[in-house]
Amino acid sequence: MDALAASNAFQRATETALHIRSKLPDILQSPKVAIVCGSGLGGLADTIEQEPKVELAYGTIPNFPQSTVQGHAGKFVFGLIGPHKTPVALLVGRAHFYEGHTMDAATFATRVCKVLGVETIIVTNAAGGLNQDFAVGDIVCLNDHLNLPGLVGIHPLRGPNIEDFGVRFPPLSDAYDLDLRKQAHKAWKKLGLDKQKRRLHEGVYAFVSGPTYETRAECRMLRTLGADVVGMSTVPEIVVARHAGLRVLAFSLVTNSAVLEAGPRGDDPTIQAMNKAELDQHLSHGKANHEEVLEAGREAAMDIQALVKQILSDLYEA
C-alpha cells in the first residue's frame, strides 16, 4: 500500500460505513460486536432476532470486496442478539487473500466495523487439526497465531501506517483477549456443552495463504513450530482489528485431521503388488476436501451458535 492508498483507506472505510448506516434503523446504527462467519458457519446469522434485521449483500456495498468461496453467502447482517438486545453486525462470508484480493481488501471489512463503532470482534473459521488430541468437530478457542505470510512480507499493515486506525508498531502478544477467552470457557460449561463428545480447546492457529491444502511435510513443520490448527484466513483480520483497538475472540472449528505421517515411498515392499486404484486409495487417507469442511460446519453449527450467543449475553448483561 502506497502513501496515497493509505491516506484513502480510512476515507473509503468511512464512506462505506456511512452508506451502511443509511440502510439501518437507529437501533442498529452502532453495533457493539461484529461476528465473522467462516466456511459452513453462516448459520450464526440465525442467532439474531428476526426484527429488526437488515441484510446487505456485499455486492450492493461501496468498496466492499466480493467473496467467491462455496459456503460464504457474502452478506452483512445487522440485528439484535441475546436477552439484552445487543446490536451486532455479522459478516456472512469473507474475502480471502487466495481469491486474488490484496491484504488491504481482505481486511477492509474489519476496518469498516471499526468505523461503525464495533468494540469487539468474534472471528470464526474452519481449520485443519494439527494437534492429534483434537478431533474433527472440536472447537478451538485461539490464544495465539503463526502469521507465515506476514513473516515474509505479505502483511496487512505493510506500507505507510494509517494513523486514523492505530500506531505504527502494534503489539500482538495480547491479541487474543484473555477475559473473552475466560468468558468462552465459562459459557461452554454453563450451556452444559462440556458433557458431550465435542470438546472446547485452546490453541495456536497457523495462517497460510492457500488455496491448496497443506502437504504432509508442511503439516509436520507447522506442528513442530507449535501450531495446533491451520487455515487460510482470520489472522489478517485479527492483526487489523488489534491495530484498530478492537477486542478479539476467535474460534476454529476442526473440520479435518491433518496427515502428519510421511507418505508411502515408491520402493515400499508393501505396495509393490498394488494396482493404480489401490495405490490411489492408499495415498488418499486423510486427504482434506471442502465438502467435508462444510459438512463439519453444519454439524457443529448449533453448538457454536449457542456458545457465541451465551458469551454475548454474559458480556453485556445488565
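Residues numbered from 1 in each chain as written. Predicted model: local features only at pLDDT ≥ 70, side-chain atom pairs only at ≥ 80, totals over all residues. Heavy atoms only, no water.

The name given to the protein chain in an unreviewed UniProt entry is Purine nucleoside phosphorylase, and the organism recorded there is Melanomma pulvis-pyrius CBS 109.77. Per its UniProt entry, the protein chain bears the Sequence similarities (unreviewed entry) comment "Belongs to the PNP/MTAP phosphorylase family." Annotation of the protein chain in UniProt includes, under Function (unreviewed entry), the sentence "The purine nucleoside phosphorylases catalyze the phosphorolytic breakdown of the N-glycosidic bond in the beta-(deoxy)ribonucleoside molecules, with the formation of the corresponding free purine bases and pentose-1-phosphate. Cleaves guanosine and inosine." (UniProt positions renumbered as here; feature names shortened; annotations may be inferred.)

What follows covers unusual backbone geometry. Cis geometry is found at the peptide bond from glutamate 51 to proline 52, where omega equals -10 degrees. As for its placement among the helices and strands, proline 52 is situated in the loop between β1 (33-37) and β2 (54-57). At the junction of glycine 210 and proline 211, the peptide bond is cis and its omega measures out at 5 degrees in the coordinates. On the secondary structure map, proline 211 appears in the loop between β7 (200-207) and α6 (216-224). A positive phi angle, near 75 degrees, is found at asparagine 63, a position not held by glycine. As for its position among the elements, asparagine 63 is in the loop between β2 and β3 (75-81). We classify asparagine 63 as partly exposed; its relative accessible area is 35%. A positive phi angle is found at lysine 85, which is not glycine, with a value near 55 degrees. On the secondary structure map, lysine 85 appears in the loop between β3 and β4 (86-92). Look at lysine 85 and you get partly exposed, because its relative accessible area is 42%. (Helix = DSSP H or I, 4+ residues; strand = E, 2+ residues; numbered from the N terminus. Buried < 20%, exposed > 50% of the residue type's maximum accessible area, 1.4 Å probe, protein only.)

Residues Leu151, Val152 and Ile154 make up a contiguous nonpolar surface patch of about 320 Å² in total accessible area. When you line up the elements, leucine 151 lands in helix α4 (residues 148-151). In this structure leucine 151 comes out as exposed when scored by relative accessible area, which is 71%. (Patch = residues over 30% accessible without salt bridge, like charges linked within 9 Å, V, L, I, M, F, W, Y side chains within 5 Å. Areas by Shrake-Rupley, 256 points an atom, 1.4 Å probe, with all protein chains shown as cover. Salt bridge = Lys/Arg side-chain N within 4 Å of Asp/Glu carboxyl O.)

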